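# Results of the structural survey
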Amino acid sequence: MLSSTESKNCNIILLTVCGLTTAYGTVIVLSNWRKNRQLRKKALKRRENEQLCMQQLLEQLANNYTKEEQAEILGLNAVELVSAAQQGKFSPLKILETYWTKAISCTKATNCITSVIKVAKAEAQELGACTDPSQFPLFGLPVSVKECYGIKDMDATIGLMSEINNLDLDDCVLVKVLKSLGAVPFVKTNLSQITFSLASGNPLFGDTSNPHRLEFTPGGSSSGEGALIGGGGSLLGFGTDTGGSIRFPSHLCGICGFKPTCNRLSLAGLHGPIPGHVNIATTIGPMARDVDTLVLAMRSILCPLMFELDPYIVPMPFDEKLFGCTKPLRIGYYVDDGFNKPVPAVQRAVMMAKKHLETSGHILVPYKIPNVERAWELFMSLCFADGGKRCKEILKNEDIDPVLVPLIQKLYFPKCLGKLGSFLVNLRNCWKSPRIAKDFSLLAEKERNISTVWNLEAQTFEYKAKFFSTWVQPEGNLDALIGPPSAMVAGPQKHFEDTTAILSYTALYVLLNCPAGCVPVTKVTQDDIDALKNYEGHFGDAWDKNTKDACMDSVGLPVGVQCITKPWKDELCLRVMLDLQKSVGLL
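So, a few notes on the structure that sits alongside this text. Treat the numbers as computed from the prediction; the structure is a model and nothing was measured.

Let us look at the overall build of the protein chain. When you go through the protein chain residue by residue, the secondary structure sums to 22 helices and 13 strands. The principal-axis extents of the C-alpha atoms in the protein chain amount to approximately 100 × 60 × 50 Å. Going through the 587 residues of the protein chain one by one, you find that 58% of them count as buried. For the protein chain, long-range pairs separated by at least 24 residues make up 80% of all intrachain contacts whose partners lie at least 6 apart in sequence. The distance from the centre of the 61 positive side-chain charges to the centre of the 59 negative ones in the protein chain is 4 Å.

All right, on to the sheet that holds strand 6 (residues 236-241) then. Strand order across the open sheet formed by eleven strands is 1-3-2-6-8-7-12-13-11-9-10, with mixed pairing between neighbours. The sheet terminates laterally at strand 1 (113-116) and strand 10 (363-366), the two strands that pair on one side only. Going from strand to strand, the sheet's axes swing by 30° on average, the running direction of each strand aside. Pairing of strand 2 (residues 142-146) with strand 3 (residues 184-189) involves five bridges; the strand directions are parallel. Looking across to strand 3, one finds that Val143 is bridged to Pro185.

So, about the environment of Leu265. Take Leu265: it is sitting in the loop between strand 7 (256-259) and strand 8 (283-288). Between the alpha carbons of Leu265 and Met316 there is a distance of 9.8 Å; along the sequence they are 51 residues apart.

On to the packing of aromatic side chains. What characterises a pair of aromatic rings is the spacing of the ring centres plus the angle enclosed by the ring planes. Enumeration according to the criterion identifies 13 aromatic pairs in this entry. Here the aromatic rings of Phe136 and Phe139 are separated by 6.2 Å at their centres, their planes lie at 25°, and the arrangement is stacked. Exposure remark for Phe136: the relative accessible area of 16% places this residue in the buried category. Between Trp376 and Trp543, the ring centres sit 6.3 Å apart and the planes meet at 90°, which makes this aromatic pair edge-to-face. Highlighted residues: Trp376 in helix 13 (residues 372-383) and Trp543 in helix 21 (residues 542-550), separated in sequence by 167 residues. Of the residues examined, Trp376 reaches a relative accessible area of 3% and is grouped as buried. Residue Trp543 is classed as buried on the basis of its relative accessible area of 4%. Through a chain of ring-to-ring contacts, three or more aromatic side chains come together here, namely Tyr367, Tyr463, Phe467, Phe468, Trp471 and Tyr509.

Glancing now at the pairing of strand 9 (residues 330-333). A two-sided burial pattern is seen for strand 9, the buried positions comprising Arg330 and Gly332 on one face and Ile331 and Tyr333 on the other. The handedness of the strand 9 to strand 10 crossover, carried by helix 12 (residues 344-359), is right-handed.

With that settled, the discussion passes to the packing of helix 17 (residues 434-443) against helix 21. Any two packed helices are characterised by how steeply their axes cross, that is the angle between the axes, and by the distance between the axes. Closest axis-to-axis distance for the helix 17/helix 21 pair is 8 Å, and the angle between their directions is 105°. In terms of orientation, helix 17 lies roughly perpendicular with respect to helix 21. Where helix 17 abuts helix 21, its residues Arg435, Ile436 and Asp439 lie against Ala542, Trp543 and Asp544. Looking at the contact of helix 17 with helix 21, its residues break down into three nonpolar, no polar and three charged.

Turning our eyes to something else, we now look at the packing of helix 18 (residues 450-469) against helix 19 (residues 504-511). For the pair helix 18 and helix 19, interaxial distance at closest approach is 11 Å and the crossing angle is 105°. On the basis of the axis angle, helix 18 is roughly perpendicular to helix 19. Every residue of helix 19 that contacts helix 18 at Thr460, Tyr463, Lys464 and Phe467 is listed here: Leu508, Tyr509 and Leu511. The residue makeup of the contact of helix 18 with helix 19, split by class, is five nonpolar, one polar and one charged.

Another aspect to go through is the nonpolar core. One finds Phe467, Ile482 and Tyr509 to be the most contacted residues of the largest nonpolar core, which totals 169 residues. Discounting chain neighbours no more than four positions away, the residues touching Phe467 are Tyr367, Ile369, Pro370, Leu481, Leu508, Tyr509 and Leu512. Within the second largest apolar cluster, six residues are counted, among which are Leu39, Met161, Leu204 and Phe205.

We now examine the side chain of Ser221. Following the sequence through the fold, Ser221 ends up in the loop between strand 5 (206-207) and helix 7 (223-230). Here Ser245 takes part through its side chain, which lies 3.0 Å from a polar atom of the side chain of Ser221. Residues contacting Ser221, with those up to four places away along its chain left out, are Lys146, Asn190, Leu191, Ser192, Thr195, Ser197, Leu198, Ala199, Thr240 and Ser245.

Here the residue pair Gly220 and Ser221 is connected by a cis peptide bond, since its omega of 5° sits within 30 degrees of zero. The phi dihedral of Asn397 falls on the positive side, at around 70°, and the residue is not glycine. Residue position: Asn397 is located in the loop between helix 14 (389-394) and helix 15 (405-412). The residue Trp568 is not glycine, and still its phi comes out positive at about 75°. Looking at the secondary structure, you find Trp568 in the loop between strand 13 (558-564) and helix 22 (570-584).

Where charged atoms from two side chains of opposite charge approach closely, those side chains can pair. Across all of its chains, the model carries 24 salt bridges by this definition. The partner of Asp399 in a salt bridge is Arg40, and the shortest N-O contact between them spans 2.8 Å. Residue Asp399 is located in the loop between helix 14 and helix 15, and its partner Arg40 is located in helix 1 (residues 4-61); the two are separated by 359 residues in the primary sequence. Residue class for Arg40 comes out partly exposed when judged on its relative accessible area of 46%. The partner of Glu358 in a salt bridge is Lys354, and the shortest N-O contact between them spans 3.0 Å. You can see Glu358 and its partner Lys354 sitting in helix 12, four residues apart, about one turn around the helix. Salt bridges here are not isolated pairs; linked through shared partners, they connect Arg46, Glu50 and Asp155.

Moving on: the pairing of strand 11 (residues 480-483). Burial of the side chains of strand 11 extends over both faces: Ala480 and Ile482 are buried on one face and Leu481 and Gly483 on the other. Note that strand 11 and strand 13 share three bridges and pair antiparallel. Directly across from Gly483, in strand 13, lies its bridge partner Gln562.

Quick look at helix 17 now. Of all ten residues making up helix 17, seven are buried, and the element is well covered by its neighbours. Taken together, the buried positions of helix 17 are Arg435, Ile436, Ala437, Asp439, Phe440, Leu442 and Leu443.

Right, let's get into helix 12. For helix 12, built from 16 residues, the straight-helix expectation of 22 Å at 1.5 Å per residue is met to within 8% by its first-to-last C-alpha distance of 23 Å. All of the buried residues in helix 12 are Ala345, Val346, Ala349, Val350, Ala353, Lys354 and Leu357.

The rules behind these values
Residues numbered from 1 in each chain as written. Predicted model: local features only at pLDDT ≥ 70, side-chain atom pairs only at ≥ 80, totals over all residues. Heavy atoms only, no water. Helix = DSSP H or I, 4+ residues; strand = E, 2+ residues; numbered from the N terminus. Buried < 20%, exposed > 50% of the residue type's maximum accessible area, 1.4 Å probe, protein only. Contact = heavy atoms within 4.5 Å. Lys, Arg positive; Asp, Glu negative; His and termini not counted. Charge placed at Lys NZ, Arg CZ, Asp CG, Glu CD. Pairing = 2+ DSSP bridges. Axes fitted to C-alpha atoms, helices over the stretch in contact; angles between N-to-C directions. Phe/Tyr/Trp six-rings, centres within 6.5 Å; stacked < 30°, edge-to-face > 60°. Right-handed = clockwise from strand over helix to strand, strands pointing away. Parallel < 35°, antiparallel > 145°, perpendicular 65-115°, else oblique. Nonpolar A, V, L, I, M, F, W, Y, C, P; charged D, E, K, R; others polar. Core = buried A, V, L, I, M, F, W, Y, C linked by side-chain atoms within 4.5 Å. Polar contact = N/O pair within 3.5 Å; in protein donor to acceptor, adjacent residues only side chain to side chain. Salt bridge = Lys/Arg side-chain N within 4 Å of Asp/Glu carboxyl O. Expected span 1.5 Å × (residues − 1).

Right, dumping it as structure tokens:
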């Protein structure tokens, strides 16, 4: 038993430890608050400087060209514009300044641009002095790039205030290749914070709006590209796709987007939240108003220079034989993956595409996605195999975009209570939400050990084998698939915050490493909305209700269809997309 003196000393020590712990905690909280405050000031100054720069540029260009001259340039597609520039009809500088003017006009409405690439003017002038423009397949073509692309002497923040003024020392490989081909990268475009959302903004640059309905989201994470191209401010842009970030905004904004097979295009010099992913790998790809421009881009950038600059890229030039093959294809189609039921407009779009492709001579057969829920579970498990550790690290001291808050809350949920949380989520939804409960448990899972990750990878290989075995059929093997790019069409941003089921139609083909692209085929009609009133979904849960509510006011908005082929058959996928576009026509 302690003496009174010893007891007193113990109390003093205990109080001292508690006091020091409290003081330390207070210092940490105050330090983090101070850092956040400093970052906010830095972010505000950055936004103001960029807006001032754009306004000054707009004023400088105001009287350079007549409206008729600008309209003539803006009225050409990419193939026509490159041809006109090569023939000397328009100088690269004139084209650049016309598109700068249009792009800044677009961003005033939709907030799609984060920065003007100032060096573009000197590069356009240098191109104008070229004596043989025909050697440049993208001569004079302005190209927009997602904010995460590295460009010399510019930052790539991915929506993080802490990354402001962290300047790149060199261009990323893709930008180098584009410049070597005669293209002129001219603006950087907005994105979802840390590129981890299918919504449209971040606390640094703000939210981006849909060009067809300003109060609606353009989708993400390549939100700025979708809005800029959809608004007519760029002919060709480049985004990234980790779960659908090229195809989803293309669908919502009524443009074309293409996700190539991983390692067809170089990622060197890009900025992203989680390096090192293998089975869930980011892919870069083109976005444009038409498929012809996607083909022009892929045909041009699959060149020796890219293979030289990045030895990890498979040195496969554009396969003209595969792309130009005219034999009828056997194409599977599906309107519903059985996990996230599409709204009527999306289902109708797929059936329209089926008819158009049949008219073009192709054979269309019904197809059923094998166990897409398992694919979704594998995708989420691999995507957050570290238990969200990297996400939490890079978001420290940052303002977190409201769209990301539900995700971050799940990642921060005590791991030992993950199963209890899943049970409560299920209970809260009246025992009708096994998939929402599963989503919670997957995200609230602790960091997986290496054995678990290897097991997940093995299960992924098994799923891939099962998936592609369904393409082997007695009547003839499938060459391609068409299906929904999402269960939803564009709607208010609030409906795209906490529903990872949105990913099921696009993330599947990241897991499978399939080339996949989106082509606009129709617009939402009043009949679609009337049919939507009876929509129930497959689970009758909060996610199904959200899908219905999001799309109730979507008359007139674009609807796309997704085209898919096996890995390394990128040119075949582009052929299917082009055939569909030719049959449907441009919207």
